[in-house]
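# Summary of the model geometry
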Amino acid sequence: MIKNYFKIAWRNIMKHKVFSLINVIGLTIGLSASFVIGLMIFYDSTFDTFHKDGDRIYRVVTDFKTPDGEFYNPGVTLALKSAIEDDLNFEAISEFYRERPMKVENRANDKEFKLPKFVIFADQDYFKIFDYKFIAGNNDNALSNPNEVILTKERALKYFPNTQVSEIIGKTLVYNDSVNTKVTGIVENFEGRTDIVFQEFISHPTLLQTRLRDNIIGKNWNNTNSSSQLFVKLNPNADISSINSRFKNLSDEHADEEDKKYGEERIFQLQPLSDIHFNENYGIYDWSSGQASKSLLKNLVLVALFLLLLGCINFINLNTAQATQRAKEIGIRKTLGSSRKQLIGQFMGETLLLVLVSAALSLLLSRWLIGVFSDFVPEGLSFELFKAPVLVIGAIILLIIVTFLSGFYPAIILSRFNTVSVLKNHLGVGDKKVGLRKFLTVFQFTIAQVFIIATLLVGKQINYLLNKDMGFKTDAIVSVYKPIEENSLEKIELYAEKLASIPEIKGVSLGGPPPASQSSNTTDMRRMIDTEEIYGEMQLLAGDTNYLDLFEIELLAGRVHRNDTIRELVINEAARKFYRFKSPEDAIGKTLLFENEYLPIVGVMGDFHQRSLKSEIKPMTLRGDWYREMWSYFQAAHIVFKSDSPENLKRSLTKIENAYKDVYPKSNIRLEFVDETVEKFYKREQKISKLLNWATGLSILISCLGLLGLVIYTTNRRVKEIGVRKVLGASLLQINTLLCKEFLILVAIAFIVASPIAWYGINSWLQDFTYKTNISFWVFLISGCAMILFALIVISAKTLQAANANPVNSLRSE
Amino acid sequence: MANALLSLNVATRTVNSGSNAVTLLDKINLQVKEGEFISLMGPSGSGKSTLLNCIGMLDSFTGGGYTFLGEPVHSMKEKNRSKLYKEYIGFVFQAYHLIDELTVWENIETPLLYKNVKSSERKALVADMLDRFNIVGKKNLFPIQLSGGQQQLVGIARALIGKPKLILADEPTGNLNSKQSTEIMELFSQLNKEGVTIIQATHSEHNASYGSRIINLLDGRIVSE
């Protein structure tokens, strides 16, 4: 019986090749999207699920509530651990400090490794919270003494190649030339997906031998560094609310007078281990691997859902439309003794077969899609994950749901046919469901239309963002950063000198990052007007005396700082207004209070965008290299070219790189074009745009295919009518209009439904941006026209053929 | 004396066409015994097909009583009725009504599938049937590859495969030429001799004469026997 069903299903699929193809394409696209997105969700939700008692492990983080909004810090004050150590709710409390050493040496083998990643200074509880497997050394008293280090197997093999793990124990590693450590243990790397990516665990007391000595001894309650991490493991019967009230008391008790004055509050929070991978407020340790974004996943799920729905709708539409052709078979089967249930089973079987074919294709396609969507797909995700039983079961459930969604309704309709009327050719059953098909078609085109409008508007906004004047020169400027481990100012000055002698270069300026960048340096400054105090945040931008000139930032009044180290301020217009100076000239010669020092304002510069256009222009000041003796802010040389023709650029870049090699022979150049830096602000928007492009393309494709199927079907049914009309003298155009009209009306209705939805969606998306393009009327018009055009092309492809046919052929039969 | 196969007792069928009630079958009284070969005759619209459909339980009478093998069909549930006709009744149509997507073999096999006959048994039964009708060579062809007469042979084979007691044939030769027609009618009388009860609807006096009993219908009423 089943075999018979599948046989007839297969023959039916092959008989109606076009319809089957349309169905398979639609379902395949929907299923592929679902598979890939399912993989992503599975991948992201299985981070750190393998830890023993993982549900009792929490990270303590700090939230700051201020009148300006909330700020989040993944770290806590160094003082917190000792304040909660006596709390019985905790089974283990571990603090560790993230610090990237400049280098590590295995002196015995004369090996040096620069800037090792994922090094932490951890206390002995670390290995009580996270269950590592020791393959050499052991967990007893691990990390309790200074100058001890535990390595992961991966690191150990890197530092001590060709050595047995047991022999590595007791060997010495030297950090930053001066900190000697003895290897006391080697642990297996975590096998599962994890954000706990650390590879080297130096004992916490060793911190006293580093630059952080004072911080560690001082344990200032009011200093929160994101590198200072605190993990806790709760007791099985711990009372979370009592922990929270304990935290509340502690933060109240140690609140800063200043903070109270300005209405700022600090809240310690318990962040569950499972939240780390998703919560973008606090970030993850390996920022290069990219964090999961719940909102992105949600959007992706929506896209997959829509695509799948569109595919199912094609299936329903085409199958109910085709019903008349199947009616005869149904009638016969009923007279031969088939029950309605058996017929439904048969049609569901056919649907299942199509769905299975689509699923097989989707599996092949998903492999390829993972590559195409590398922007969205996490790096570590591979197709092999599909072997996970959860995913296999999930996929099977999805296939069953899709089968039901697309097959059930047509099966009900088809099996309902009355045998006698079918066999007597009193048909027209398929036509009764025209209303539903129309509704579904409108639904499909509404989705496609929303996608089109959204794509255009998001594109428009991105275009606006990229082309809006930032307020400073962004083209033909490149920033070259000095190596991180290199502290000397002389070398970068030498480099600047070498650059100045290159003829293609117009100018060089040393400074911090370019005027707009991801990094920020903020402090508080205040102005006293008599007894009134204006207090606020000030962005700091470091640059030499040539900085404004080079970036073509306008100086509205006064002058720039006289030399690189003098403590003078050049504030921007926003700061001028914030501190209530009447005019740029008014500000010159006045002072702002910074810590305990009155700093003179010597110049006022024009406003420019310091970040993406999502945020407003904030008060900012340009300053020199104030702390040069300790630490130089001049990290980069900004270079402006005479011309940005490709040949000139290429030649100049080679020279810039050669000069860099001369000065820093051991390091690789880090070079960023300023316009690219600006573009990077909008990475997320570009991603959304790419996603929308795909969603739009695919939804148009699926919807138009569905439309084509319906058109083929109805036109075939009207061949005789077309013949008669032609005989009576109708022109090609008249017939085409007649055939297109009913479908174009549907597309038009879809446009009317889609417009407000798209407007609402885009409008709320634009709320993220301080500077936004307007939602123009013409965008709607264009997208509406585009959709109608697509539909018209698809419809006409078939109708013109039908209208062109010789009426003799269609009228001869019968 | 042969057993009664079915009996109709003032059976009536009316349908509503717009606001008018149209009577398709009017107070039909009919007894059919096993082994009979009945020909229904009458002009178009006289109710022949309707009567056949009602007897075959594809349609139902709207009034009166219908007893089949002693069971009251008129008061039966759909499910039991379906079981009854699956078991005892085979249909032959004027337009053959073979399933286009299935081969000759598969078409003949289909009723057995719905009766849940085992695979090996099905094979044997279908092979017998093909043999008996001399169409073994055509078993893998699809209906459109056959002539009308051959298609009707397959139709009859399919109707017979379930070993029905009653065959209902609605103008079985209506689409055939006279030679094929004769063959089919010969086949029917052959089957009848083997014990199958047959009720056929026909326009042709000649075909009707193969029957053991001729019933004339006019406007839904039996006018003569």
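Keep in mind that what you see is a predicted model, and the values were worked out from it rather than measured. (Residues numbered from 1 in each chain as written. Chains lettered and ligands numbered in written order. Predicted model: local features only at pLDDT ≥ 70, side-chain atom pairs only at ≥ 80, totals over all residues.)

This part takes up the environment of I108(B). All names here are of chain B. Following the sequence through the fold, I108 ends up in helix 3 (residues 104-114). Sequence spacing of I108 and M129 is 21 residues, and the spatial spacing of their C-alpha atoms is 8.4 Å. Sequence-distant contacts of I108, that is, excluding residues within four places in its chain, are made with V126, M129, V154, A157, R158 and I161. (Helix = DSSP H or I, 4+ residues; strand = E, 2+ residues; numbered from the N terminus. Contact = placed C-beta atoms within 7 Å.)

This paragraph deals with the sheet that holds strand 2 (residues 20-33) of chain B. Residue and element names in this part refer to chain B. Strand order in the open sheet formed by four strands is 2-1-4-5, with antiparallel pairing between adjacent strands. The sheet terminates laterally at strand 2 and strand 5 (71-72), the two strands that pair on one side only. Sheet topology note: the strand 1 (residues 4-17)/strand 2 ladder contains ten bridges and is antiparallel. Bridge assignment links T14 to a residue of strand 2, and that residue is T23. In the packing of helix 1 (residues 48-55) onto the sheet, contacts are made with strand 1 and strand 2, and the angle to strand 2 comes to roughly 60°. (Pairing = 2+ DSSP bridges. Axes fitted to C-alpha atoms, helices over the stretch in contact; angles between N-to-C directions.)

Time to look at the interface of chain A and chain B. Listed per partner, the contact involves 18 residues of chain A and 17 residues of chain B. Among the secondary structure elements, those contributing two or more residues to the side of chain A that touches chain B are helix 1 (2-15), helix 11 (323-335) and helix 14 (419-423) of chain A. Per-element accounting of the side of chain A that touches chain B gives the leading share, five residues, to helix 1 of chain A. Classifying every residue of the side of chain A that touches chain B by side-chain character gives six nonpolar, eight polar and four charged. (Nonpolar A, V, L, I, M, F, W, Y, C, P; charged D, E, K, R; others polar.)

This part covers the environment of W221(A). On the secondary structure map, W221(A) appears in the loop between helix 7 (213-218) and strand 12 (228-234). With 18 C-beta atoms packed within 10 Å, W221(A) lands in the partly exposed category. (Buried ≥ 20, exposed ≤ 12 C-beta atoms within 10 Å, placed from the backbone.)

A separate point is the sheet that holds strand 6 (residues 89-92) of chain B. Residues and elements named next belong to chain B. Strand order in this open sheet of six strands is 6-7-8-3-9-10, and the pairing throughout is mixed. Both edges of this open sheet fall to strand 6 and strand 10 (221-224), since each of them pairs with a single strand only. Geometrically, the sheet is characterised by an average inter-axis angle of 25° between neighbouring strands, direction not taken into account. With five bridges joining them, strand 7 (residues 166-170) and strand 8 (residues 197-202) adopt parallel strand pairing. Paired with A169 across the two strands is Q200, which belongs to strand 8.

Further remarks concern the domain arrangement of chain A. In many analyses, interface size is given as the accessible surface area lost on bringing the parts together. Looking at the assigned domains, one finds that chain A contains domain 1 (2-40 + 293-463 + 684-812), domain 2 (53-94 + 212-267), domain 3 (100-208) and domain 4 (477-680). One C-alpha centre belongs to domain 2 of chain A, the other to domain 4 of chain A; they are set 35 Å apart. (Domains from an automatic or database assignment.)

Another aspect to go through is the pairing of strand 4 (residues 63-68) of chain B. Regular strands have side chains that alternate between both faces of the sheet. Residue and element names in this part refer to chain B. When strand 1 meets strand 4, the two strands line up antiparallel, connected through five bridges. Residue L6 lies in a different strand from strand 4, and its bridge partner there is F68. Across two bridges, strand 4 lies against strand 5 in antiparallel orientation. Across the sheet, F68 pairs through a bridge with E71, a residue of strand 5. Counted between consecutive antiparallel strands, the loop separating strand 4 from strand 5 contains two residues, among which L69 sits at a positive phi close to 50°.

Here we come to the confidence of the model for chain A. In the predicted model, chain A carries a mean pLDDT of 86, and 97% of its residues have values of at least 70. For chain A, per-element mean pLDDT is lowest for helix 15 (residues 429-432) of chain A, which scores 52, and highest for strand 11 (residues 200-203) of chain A, which scores 94. (pLDDT = per-residue confidence, 0-100.)

What follows concerns the pairing of strand 4 (residues 103-106) of chain A. Residues and elements named next belong to chain A. Of the two faces of strand 4, the one lined by V104 and N106 is fully buried and the one lined by K103 and E105 carries no buried residue. The pairing of strand 4 with strand 5 (residues 111-114) spans four bridges and is classified as antiparallel. Within strand 5, the position partnered with V104 by the bridge is F113. As consecutive antiparallel partners, strand 4 and strand 5 are separated by four residues, and within that stretch D110 has a phi angle of approximately 60°, a positive value. Where strand 4 lies against strand 9 (residues 172-175), two bridges are found, and the strand directions are antiparallel. Bridged to E105 within strand 9 is V174.

We now examine the packing of helix 3 of chain B against helix 4 (residues 119-132) of chain B. Residue and element names in this part refer to chain B. Contact pair helix 3 / helix 4: the axes reach a minimum separation of 10 Å and the direction vectors enclose 130°. The angle between the axes of helix 3 and helix 4 places the two elements in the oblique class. Seen along the crossing, helix 3 lies across helix 4 with a hand that is right-handed. Along its contact with helix 3, which presents W105, I108, E109 and L112, the element helix 4 presents R122, L125, V126 and M129. For the contact of helix 3 with helix 4, the per-class residue count stands at six nonpolar, no polar and two charged. (Parallel < 35°, antiparallel > 145°, perpendicular 65-115°, else oblique. Left-handed = near helix turned anticlockwise from the far one by under 90°.)

All right, on to unusual backbone geometry then. Unlike most non-glycine residues, N162(A) shows phi in positive territory, near 55°. Here N162(A) shows up in the loop between helix 5 (153-159) and helix 6 (165-168). We classify N162(A) as exposed; it has 6 C-beta atoms within 10 Å. Located in the positive-phi region is K27(B), a residue other than glycine, with phi close to 45°. Among the secondary structure elements, K27(B) is positioned in strand 2.

Right, let's talk about helix 1 of chain A for a bit. All names here are of chain A. Look at helix 1: 20 Å from first C-alpha to last across 14 residues, which is about the 20 Å you get at 1.5 Å a residue. All of the buried residues in helix 1 are I8, A9 and N12. Down the axis of helix 1, the smallest arc covering the buried residues is 105°, so these residues share one side. Exposed residues pointing more than 90 degrees away from the buried face of helix 1 are listed as K3 and M14. (Expected span 1.5 Å × (residues − 1). Arc of directions from axis to C-beta.)

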